[in-house]
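So the chains spell out like this:
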Amino acid sequence: MELQLTIEQVKALLVIAPKSDVRYYLNGALLEVRDDRAWLVATDGHRMLVIRPTARIEGNDCRDGQYVIPRDLLAGAEVKKGGFLFLSVDQYQGENSARARIITGTGEIAMPTVDAKFPDWRRVVPRDASGAWAHYDPAYVGDFGAIAELISGARINARIHPNGSDAAPVDLGTDEALGLLMPIRAENFPYARPDWAA
């Protein structure tokens with residue numbers, strides 16, 4: 001199975017995927033394959049990025065399932081801005097393990113997939129957003145701005161749909177990707193203009 005991706009999609013996943021989380025299965029991205037469709041998911045537990053590549057999946061030697069692609073493999077892709085690469089997953093003959101490969105115009109790199117179960121990302125995706133006010137980590141909000149620019153190819157604003165204490169959907173300016181941002185716990189406090197600003 002080969003899935004065509006842009007280098008910007010890979011870079012967007014790397015914004016979210018942790019480098020050294022103790023939950024080692026998060027140090028990469030999930031590739032989920034089902035009925036000739038694919039999803040790529042990265043999360044650190046506070047934010048999530050789901051990409052639904054629309055490029056055609058080539059080959060059918062990869063069974064439907066979930067494959068955790070190591071972060072180091074994704075980070076090793078060397079492609080110019082605007083360029084494409086292929087992510088390939090091959091089953092080992094007679095085994096339950098798989099190997100992931102990234103193929104570019106200059107060569108390929110490969111690593112075994114991570115032998116672990118990735119969290120059920122669909123459980124976190126809300127059907128709608130309540131609009132209830134919440135606090136969000138400003139650094140994470142900024143990261144989604146960078147992701148929106150990577151994925152859309154234009155300078156756009158990521159739009160957060162407040163959702164109270166639940167995950168807030170983040171509109172990234174394309175139908176091919178969705179962000180999710182968990183709120184931070186913060187007490188509401190009244191604002192009063194400081195005397196020196198009067």
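The coordinates are above.
Description of the structure in this document. Remember, it's a predicted structure, so these values are computed and weren't measured experimentally. (Residues numbered from 1 in each chain as written. Predicted model: local features only at pLDDT ≥ 70, side-chain atom pairs only at ≥ 80, totals over all residues. Heavy atoms only, no water.)

1. A short note on the overall build of the protein chain
When helices and strands are tallied, the protein chain shows three helices and twelve strands. For the protein chain, the C-alpha atoms occupy an extent of roughly 70 × 30 × 30 Å along the three principal directions. Every one of the 198 residues in the protein chain was classed for burial, and the buried ones make up 42%. Considering only contacts in the protein chain between residues 6 or more positions apart, those separated by 24 or more positions represent 66%. When the accessible area of the protein chain is evaluated, it comes to approximately 11,500 Å², of which 49% is carbon and sulfur surface. Side-chain charges in the protein chain split into 22 positive and 27 negative, and the spacing between the mean points of these groups amounts to 2 Å. (Helix = DSSP H or I, 4+ residues; strand = E, 2+ residues; numbered from the N terminus. Buried < 20%, exposed > 50% of the residue type's maximum accessible area, 1.4 Å probe, protein only. Contact = heavy atoms within 4.5 Å. Areas by Shrake-Rupley, 256 points an atom, 1.4 Å probe, with all protein chains shown as cover. Lys, Arg positive; Asp, Glu negative; His and termini not counted. Charge placed at Lys NZ, Arg CZ, Asp CG, Glu CD.)

2. Regarding the sheet that holds strand E2 (residues 28–34)
Spatial strand order, E6-E2-E3-E4-E12-E11-E10: seven strands in an open sheet with antiparallel pairing. Of all strands in the sheet, those with a lone pairing partner are strand E6 (65–70) and strand E10 (159–160), marking the two edges. Both strand E11 (residues 168–171) and strand E12 (residues 177–181) contribute to a ladder of three bridges, which runs antiparallel. Looking at the pairing, proline 169 lines up with leucine 180 of E12. Where helix H1 (residues 7–16) meets the sheet, its contacts fall on E2, strand E3 (37–43) and strand E4 (47–51), and the angle it forms with E4 comes to roughly 160°. Relative to the sheet, helix H3 (residues 138–152) contacts E4, E10, E11 and E12, its axis offset from that of E4 by approximately 10°. (Pairing = 2+ DSSP bridges. Axes fitted to C-alpha atoms, helices over the stretch in contact; angles between N-to-C directions.)

3. Things to note about the environment of alanine 17
Mapped onto the secondary structure, alanine 17 falls in the loop between H1 and E2. Look at alanine 17 and you get buried, because its relative accessible area is 5%. Considered as a pair, alanine 17 and valine 41 are 24 residues apart in the sequence and their alpha carbons are 8.9 Å apart. If we ignore the near neighbours within four places in the chain, the residues touching alanine 17 are Leu26, Gly28, Ala42 and Arg71.

4. Comments concerning the nonpolar core
If you look at the biggest cluster of nonpolar residues, it comprises 41 residues, and the most contacted ones within it are Leu31, Leu49, Ile69 and Leu172. Each residue touching isoleucine 69, except ones within four places of it in the same chain, is listed here: Asn27, Gly28, Ala29, Leu31, Leu74, Leu87, Val89, Ala100 and Thr113. Formed by twelve residues, the second largest nonpolar core is a distinct cluster that contains Leu30, Val41, Ala167 and Leu180. (Core = buried A, V, L, I, M, F, W, Y, C linked by side-chain atoms within 4.5 Å.)

5. A few points about the packing of aromatic side chains
Following the criterion strictly, the structure yields two aromatic pairs and no others. A centroid spacing of 6.5 Å and a plane angle of 45° characterise the contact between tryptophan 39 and tryptophan 121, whose relative ring orientation is tilted. Of the two residues, tryptophan 39 sits in strand E3 while tryptophan 121 sits in the loop between strand E9 (107–112) and H3, which places them 82 residues apart along the sequence. The pair formed by tryptophan 39 and tryptophan 121 is uniform in burial state, with each residue classed as buried. Stacked on the ring of tryptophan 39, the Lys or Arg arginine 122 has its end atom at 4.7 Å from the ring centre. (Phe/Tyr/Trp six-rings, centres within 6.5 Å; stacked < 30°, edge-to-face > 60°. Lys NZ or Arg CZ within 6 Å of the ring centre and 35° of its normal.)

6. Here we look at the pairing of E4
Among the five residues in E4, five count as buried, and that is most of the element. The alternating pattern of E4 places Arg47, Leu49 and Ile51 on one face and Met48 and Val50 on the opposite face, and all of these are buried. Pairing of E3 with E4, which is carried by four bridges, proceeds in the antiparallel orientation. Across the sheet, residue threonine 43 finds its bridge partner in E4, namely methionine 48. Counted between consecutive antiparallel strands, the loop separating E3 from E4 contains three residues, among which glycine 45 sits at a positive phi close to 95°. Of the strand pairs in this sheet, E4 and E12 are connected by five bridges, and their pairing is antiparallel. Paired with valine 50 across the strands is leucine 178, a residue of E12.

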